[in-house]
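Secondary and tertiary structure notes
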Amino acid sequence: MIPRMAVSASTGTSSTALPRFPGDFLWGVSTSAHQIEGAAELRGRSVWDAFATMPGRVKDGSTADVACDHYHRYREDVALIRDLGVGAYRFSVSWPRVQPTGAGQVSERGLDFYDRLVDELCAAGVRPVPTLFHWDTPLVLEETGGWRRRDTAERFAQYAAVVAERIGDRVPTWITLNEPAEHTLLGHALGEHAPGHRLLFDALPVAHHQLLGHGLAVQALRAAGAGHIGIANSHGPTWAASDEPADREAADFYDLLLNRLFADPLLLGRYPDGIAEILDTPGLDADLKLISAPLDWYGINYYQPTLVGAPGAGPEEFSGVHIPPELPFAPREIEGRPRTDFGWPVVPEAFTELLLDFRDRYADRLPPLIVTENGCSYEGIDDQRRIAFLDGHLRSLHRALAAGVDVRGYFVWSLLDNFEWAEGYRQRFGLVHVDYATLERTPKASYAWLREALRAQR
Ligand code: FCB
């Protein structure tokens, strides 16, 4: 149940303080480069620039050319982060801003931007937590095969080294990739995200090359003296639509794709059964060794559980994504739950379930966890439903902590309303409202609530 009663509608403050988190728990907010920066004319083109010009791909017909204009307004945004009272800011570095063609020539102007941002964060007492790749592959790289090609993994590691060399002296915590599962599934298997390929299971090499890119980037970062390296993967409990064997089998398969395809190689050094055979890559053992180099921490992005059944019986469209009938599973709607404006069911207790299951599944192979994204899409500045969502999920996270799961931090997605990929500007995930006509920032009720909740933790 969501504790709506705990939230006062008039002030947006919780009448019942959150349970106490450990004193050194890392609180933060997250964004990504393509979704907020704008200033597209000052960087190389990415797959998302090209995707947005294909008719009908971004549902409101928008582009991220301006987005929140964070490139020019980063000082104001860092002040909002500082005043919120969080200790960390997770942002992403735009590969095409740093290396316009994805290889070779580096843009000093691009690096200068991240230099200024990191300085501003340090001056505000906020820990910079950069993600090196949040889906914006340089278009030139994509045109020669992108993540379908193995050498993109090497290009990525070279770019990681360039970034580390410039800002590594002030960055204590790093993230290699954001959600390679979504980038594989939505971007390369189903074509709902950039680069828009519909390869279905032929997208599997894209998963492997991202994992390899991660492994090589970890090596490059460590060689450059960087530490405290993690990855941000999306995870969520998968529930079978019924006890029928066909539904259970379909749910297990979906669980494999979302929860194990990336975590098993990273944490156990092997692919789940059946995958290595399909991949059929020479040198797989050596790759897996690189991929499973021990991480300092593991990032989880959590939004919702998924109910899954046998193919043929589910909706043709799910969360705005067309589900091809050839898939061996079909997601179903979770009934009887409140929904966000995106239509995602709000199920805070599934967050505890996920964290406990993760701990049980990976046991002593699991490094400390950090929740690198959690949040919801709701319209409005008096966003009481976002307060209820965050309150419910933080209580749920606390229950996992109390049960002994080693979680060291929590980042809200997102600081600002922003360009929500194929949805364009239609879904608002921010603690801070952005007026896209004037670019004015207005902190929402949830921002005030979180600031008070964090103050009470001190
Ligand atoms: C995650 C993405 C993030 C944002 C949220 C809502 O899958 O990592 O960029 O779009 O969903």
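Structure first, text after, so check above.
This is a predicted model, so every value here is computed, not measured.

**Comments concerning the pattern of salt bridges**
Scanning the model with the defined rule gives 35 salt bridges in all. We note a salt bridge from arginine 441 to aspartate 77, for which the minimum N-O separation is 2.8 Å. Remark: aspartate 77 occurs in helix α3 (residues 70-84) and arginine 441 occurs in strand β15 (residues 441-443); sequence separation between them is 364 residues. One salt bridge in this structure joins arginine 455 and glutamate 452, with 3.1 Å as the shortest N-O distance. Here arginine 455 pairs with glutamate 452, and both are found in helix α16 (residues 445-457), just three residues apart, close to one helical turn. The class for arginine 455 is partly exposed, based on a relative accessible area of 46%.

**Digging into the pairing of strand β12 (residues 369-373)**
Summarising burial for β12: five of the five residues are buried, a large majority. As paired strands, strand β7 (residues 298-301) and β12 are joined by four bridges and run parallel to one another. Each bridged residue has a counterpart across the sheet, and for tyrosine 298 the counterpart in β12 is leucine 369. Two elements, β12 and strand β13 (residues 407-413), share three bridges in a ladder whose sense is parallel. When the sheet's bridge partners are listed, valine 371 is paired in β13 with tyrosine 410. The parallel pair β12 and β13, bridged by helix α15 (residues 384-402), forms a crossover whose chirality is right-handed.

**Here we look at the site of the ligand**
Residues in contact with the ligand, as listed here, are Gln35, His134, Trp135, Asn178, Glu179, Tyr303, Glu373, Trp413, Glu420, Trp421 and Phe429. The separation between an oxygen atom of the ligand and a polar side-chain atom of histidine 134 is 2.8 Å. Between the ligand and glutamate 179, the relevant distance is 2.5 Å, taken from an oxygen atom to a side-chain nitrogen or oxygen of the residue. Surface burial for the ligand is 95%, taken as the share of its 290 Å² of free accessible area covered by protein chains. For the shell around the ligand, a count of residues per class yields five nonpolar, three polar and three charged.

**Some points on the sheet that holds strand β8 (residues 306-309)**
One open sheet holds the three strands; their spatial order is β6-β8-β11, and the pairing between them is mixed. Each of the sheet's edge strands pairs with one partner strand only, and the pair in question is β6 (238-240) and β11 (330-332). Neighbour to neighbour, the strand axes of the sheet diverge by 45 degrees on average, direction disregarded. Of the strand pairs in this sheet, β8 and β11 are connected by three bridges, and their pairing is antiparallel. If you follow glycine 309 over to β11, its bridge partner there is alanine 330.

**Section: unusual backbone geometry**
Put simply, alanine 194 and proline 195 share a cis peptide bond, and its omega is 5 degrees. Of note, proline 195 is situated in the loop between α8 (180-189) and α9 (204-223). Phi is positive for glutamate 179, close to 40 degrees, though the residue is something other than glycine. With respect to the secondary-structure elements, glutamate 179 resides in the loop between β4 (174-178) and α8. Judged by relative accessible area, which is 6%, glutamate 179 ranks as buried. For leucine 439, which is not glycine, the phi dihedral falls at a positive 65 degrees. For leucine 439, the location among the structural elements is in the loop between β14 (432-434) and β15.

**Quick word on α3**
At 3.6 residues per turn, the α-helix brings residues three or four places apart onto the same side. Taking 1.5 Å of rise per residue, 15 residues should cover 21 Å, yet α3 covers just 17 Å from first to last C-alpha, more than 12% shy of that figure. The sharpest bend along α3 comes to roughly 40 degrees, located at glutamate 76. For α3, the full list of buried residues reads His70, Tyr71, Tyr74, Asp77, Val78, Leu80, Ile81 and Leu84. Two residues or fewer past α3, glycine 85 is found with a positive phi of approximately 90 degrees.

So, how was this worked out
- Residue indices follow the written sequence of each chain, beginning from 1 at its first position.
- This being a predicted model, a pLDDT of at least 70 is required before a residue's local features are given, and a value of 80 or more before pairs of side-chain atoms are given or counted; all residues contribute to the totals for chains, interfaces and linings.
- Hydrogens and waters are ignored; side-chain quantities use all the structure's heavy atoms.
- Any carboxyl oxygen of Asp or Glu within 4 Å of a side-chain nitrogen of Lys or Arg constitutes a salt bridge here.
- The helix and strand labels rest on DSSP assignments: H or I over at least four residues marks a helix, E over at least two residues marks a strand, and numbering proceeds from the N terminus.
- Between buried and exposed lies partly exposed: a residue is buried under 20% and exposed over 50% of the maximum accessible area for its type, with that area taken using a 1.4 Å probe on protein chains only.
- When DSSP finds two or more bridges between a pair of strands, those strands are recorded as paired.
- A right-handed crossover is one whose linking path, passing over the helix from the first strand to the second, runs clockwise when the strands point away from the viewer.
- Near, as used in this document, describes a residue that has one of its heavy atoms within 4 Å of the molecule or strand being considered.
- For this analysis, a polar contact is any N or O atom pair within 3.5 Å, provided that within protein one partner can donate a hydrogen and the other can accept it, and provided that sequence-adjacent residues contribute only side-chain to side-chain pairs.
- Note that accessible areas follow from Shrake-Rupley with a 1.4 Å probe, and for residues the cover is restricted to the protein chains shown.
- Each residue gets one label: Ala, Val, Leu, Ile, Met, Phe, Trp, Tyr, Cys and Pro are nonpolar, Asp, Glu, Lys and Arg are charged, and the others, such as Gly, are polar.
- To define axes, lines are fitted to C-alpha atoms, for helices over the stretch in contact only, and angles between the resulting N-to-C directions are given on a 0 to 180 degree scale.
- One less than the number of residues in a helix, times 1.5 Å, gives the span that helix is expected to have.
- We define the bend at any residue as the angle between the axes fitted to the seven residues before and including it, ending there, and the seven starting there.

Remember that the coordinates give geometry; whether it matters functionally is a separate question.
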